[in-house]
Amino acid sequence: MKVYVEPELCIACGACISLAPEVYGWDDGEKAKAINREVAKDQENAAKEALESCPTEAIKEE
Ligand code: SF4
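One structure accompanies this document, and this report is about it. (Residues numbered from 1 in each chain as written. Predicted model: local features only at pLDDT ≥ 70, side-chain atom pairs only at ≥ 80, totals over all residues. Heavy atoms only, no water.)

For the protein chain, the helix and strand inventory stands at two helices and four strands. Of the regular secondary structure in the protein chain, the N- to C-terminal order runs β-α-β-β-α-β. A compact globule built from 62 residues should have a C-alpha radius of gyration of about 11 Å, and the protein chain, at 10 Å, falls within 12% of that. Dimensions along the principal axes, computed over C-alpha positions, put the protein chain at roughly 25 × 20 × 20 Å. Considering the protein chain as a whole, with its 62 residues, one finds that 35% of them fall into the buried category. (Helix = DSSP H or I, 4+ residues; strand = E, 2+ residues; numbered from the N terminus. Rg over C-alpha atoms; globule rule 2.2 N^0.38 Å. Buried < 20%, exposed > 50% of the residue type's maximum accessible area, 1.4 Å probe, protein only.)

This brings us to the site of the ligand. Within the structure, the ligand sits among 13 residues, and C10, C13, G14, C16 and C54 are positioned closest to it. With respect to the detected pockets, the ligand is housed in the largest cavity. In terms of residue class, the shell around the ligand is made up of eleven nonpolar, two polar and no charged. (Near = heavy atom within 4 Å. 1 Å grid on protein atoms, 1.4 Å probe; cavity = no way out; pocket = protein on both sides within 12 Å on 5 of 7 lines; lining within 4 Å. Sits in = over half its atoms within 2 Å of the grid points. Nonpolar A, V, L, I, M, F, W, Y, C, P; charged D, E, K, R; others polar.)

This brings us to empty space enclosed by the protein. Taken as a whole, this structure holds one cavity of 30 Å³ or more when the rule is applied. Volume-wise, the largest cavity comes out at about 100 Å³. The wall of the largest cavity is formed by 15 residues, among which C10, C13, C16, A32 and C54 lie closest to the centre. Residues belonging to the lining of the largest cavity are distributed by class as follows: 13 nonpolar, two polar and no charged. (Points joined across faces, edges and corners; volume = space filled by probe spheres on them.)

The quantities given are spatial measurements derived from coordinates; they are silent on function.
See the structure below:
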């Protein structure tokens, strides 16, 4: 599973980082970003939950 954040859609609510702190973090522009584009197997459920919880659908799976 690979994920990325569309920075122009991110409103910096922090939900993804709260739900999956090993997958998402803040970038220098104070938007969320995927720490590693390739999600570790044991982080996939958390990564997906965060993706589904993003209020602006800024998190994309590829
Ligand atoms: S949940 Fe969505 S809007 Fe909120 S910080 Fe994460 S990517 Fe940005």
